[in-house]
Amino acid sequence: MKLTKILICLLVFWTGTLSASPYFSFKKYQVEDGLSHNTVWCALQDSYGFIWLGTSDGLNRYDGRGNKVYRNVLNEKFSLENNFVEALIEVDKNIWVGTNSGLYIYDRDTDRFSYFDKTTQYNVYISSEIKKIIKTENGLIWIATLGQGFFIYDPKTEVLTQNSVQTSFVWDLCQSAGRKRVYISSLQEGLLCFDENGKFLRTYEISLDINASDSYKVNCIQNIDGDIWIGAGSNLLSRLDERTEAIDNYSGSAFNFGAVHCLLKYTDKELLVGTDNGLYLFDQNTNTFQRADNPADPRSLSDQTINGMMWDAEGTLWVMTNSGGVSYMTKQLKRFDYYSLISLSGTLELGREIGPLCEDQNGNIWVGTRNGLCFFNTQIHSLSEYTLKN
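Below, the structure is looked at part by part.

Reading the values: rules and limits
Residues numbered from 1 in each chain as written. Predicted model: local features only at pLDDT ≥ 70, side-chain atom pairs only at ≥ 80, totals over all residues. Heavy atoms only, no water. Helix = DSSP H or I, 4+ residues; strand = E, 2+ residues; numbered from the N terminus. Buried < 20%, exposed > 50% of the residue type's maximum accessible area, 1.4 Å probe, protein only. Contact = heavy atoms within 4.5 Å. Areas by Shrake-Rupley, 256 points an atom, 1.4 Å probe, with all protein chains shown as cover. Pairing = 2+ DSSP bridges. Axes fitted to C-alpha atoms, helices over the stretch in contact; angles between N-to-C directions. Polar contact = N/O pair within 3.5 Å; in protein donor to acceptor, adjacent residues only side chain to side chain. 1 Å grid on protein atoms, 1.4 Å probe; cavity = no way out; pocket = protein on both sides within 12 Å on 5 of 7 lines; lining within 4 Å. Points joined across faces, edges and corners; volume = space filled by probe spheres on them. Nonpolar A, V, L, I, M, F, W, Y, C, P; charged D, E, K, R; others polar.

Some points on the overall build of the chain
Here comes step 1: Within the chain, the secondary structure is distributed over one helix and 34 strands.
Here comes step 2: For the chain, buried positions account for 49% of its 390 residues.
Here comes step 3: Long-range contacts, defined here as pairs at least 24 residues apart, represent 48% of the contacts in the chain between residues at least 6 apart.
Here comes step 4: Counting only carbon and sulfur atoms, one obtains 46% of the accessible surface of the chain, whose full area is about 18,500 Å².

Considerations on the sheet that holds strand S2 (residues 27-29)
Here comes step 1: The four strands are arranged S2-S29-S28-S27 in an open sheet whose pairing can be described as antiparallel. Looking at the sheet topology across the chains shown, the edges are occupied by S2 and strand S27 (306-311). Neighbouring strand axes in the sheet, compared pairwise and without regard to direction, differ in orientation by 25° on average.
Here comes step 2: As paired strands, S2 and strand S29 (residues 326-329) are joined by three bridges and run antiparallel to one another.

What to know about the sheet that holds strand S13 (residues 150-154)
Here comes step 1: Spatially, four strands are ordered S11-S12-S13-S14 in an open sheet, and the strand pairing comes out antiparallel. Among the strands making up the open sheet, the edge pair consists of strand S11 (129-135) and strand S14 (159-163). Between one strand axis and the next, the sheet turns through 20° on average, direction left out of account.
Here comes step 2: The sheet contact formed by S13 and S14 spans five bridges and is antiparallel. By the bridge assignment for S14, Phe151 is matched with Gln162.

Thoughts on the side chain of Lys131
Here comes step 1: Looking at the element boundaries, Lys131 is found in strand S11.
Here comes step 2: Reaching out from Lys131, the side chain makes a polar contact with the side chain of Glu86 at a distance of 2.6 Å.
Here comes step 3: Residue contacts for Lys131: discarding those within four places in its chain leaves Glu86, Ala87, Ala144, Leu146, Val170 and Trp171.

Digging into the layout of surface pockets
Here comes step 1: In this structure, the largest pocket occupies an estimated 1,100 Å³ of space.
Here comes step 2: What lines the largest pocket is a set of 35 residues, among which Lys132, Asp172, Leu173, Gln222 and Met309 lie closest to the centre.
Here comes step 3: For the lining of the largest pocket, the secondary structure elements donating two or more residues are strand S3 (40-45), strand S7 (85-91), S11, strand S15 (170-175), strand S19 (218-224), strand S23 (260-267) and S27.
Here comes step 4: Taken together, the residues that form the lining of the largest pocket break down as 20 nonpolar, eight polar and seven charged.
Here comes step 5: Estimated volume of the second largest pocket: approximately 220 Å³.
Here comes step 6: Across the lining of the second largest pocket, the residue classes tally to six nonpolar, five polar and three charged.

See below:
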């Protein structure tokens, strides 16, 4: 059993000094498995346990064994009219579907879609690209759009209101820990704060460099354990302390991971950070980033550009990627040690194939390859070439 575990760890790319890092191992769900498109924007687990996945070409309902795809059907008025799905939320057992041109509601009882045709008092209806939908503690539904600002819908009174005064381009929404505030991420005006009924309170500037062209571009926001975490600009993660209204900034420029697109709690002191260039863990004790995926490993993410993340009720992590479908990590997979070898010898080509493995009395491992013998020291996790004497 011990040798089996070590064989899994010794995934070889024979090109450097052995180094080990704990990486996540994922399974994939892609077009060849039944997914409608490999660009996945959002995910939702509903109250019945179904996983809903919004893609660039259709809405998917996955039950763990099979997948049902909802797309526009010609001359079928109850089908989903727009196949580009970017936002999902469950409201009273039905699924609200935000697309790149309007909002639709899926009726579970009839298995049909209807267009959300409510208008404001000025006869404005939601026609823009929808980026996020949330339901706040007081029962209001907030809808973020690119082009029309945000809308607030009251299901009790069926009144729809619009706010595009502070910004027209809203990328993300989240409610505060105290449930009395709603934060809005803008592509132009930074982080905006409103009360729970939609009254504007203030603006927060998020930036390490006030002269940077993307100083006020906020890509995502997430309420995690009472703090508002913010992905802003490029290579920047920020935290807003609601009690003091102070903002702390954490630069990821050393990794050059680009924009932070999504955030998720991993442990009490670790955050998962989904970026343009991979998945990272942020340690709140040390304020440091660590890469959690390995692009060289086929068992890692299917694509390094991450659009969204979600935990399901069973503790599985779902990662929505830009061109690789969905990668998911169950509780059983979690993290493993991956060893990448950069160059054991300037002359000997060890190759990629591992042959026999043998554990000696000290617990170290002898690794046979096609063209040579290696010695793996399990105490210091180092691998070296062993030259046989004549």
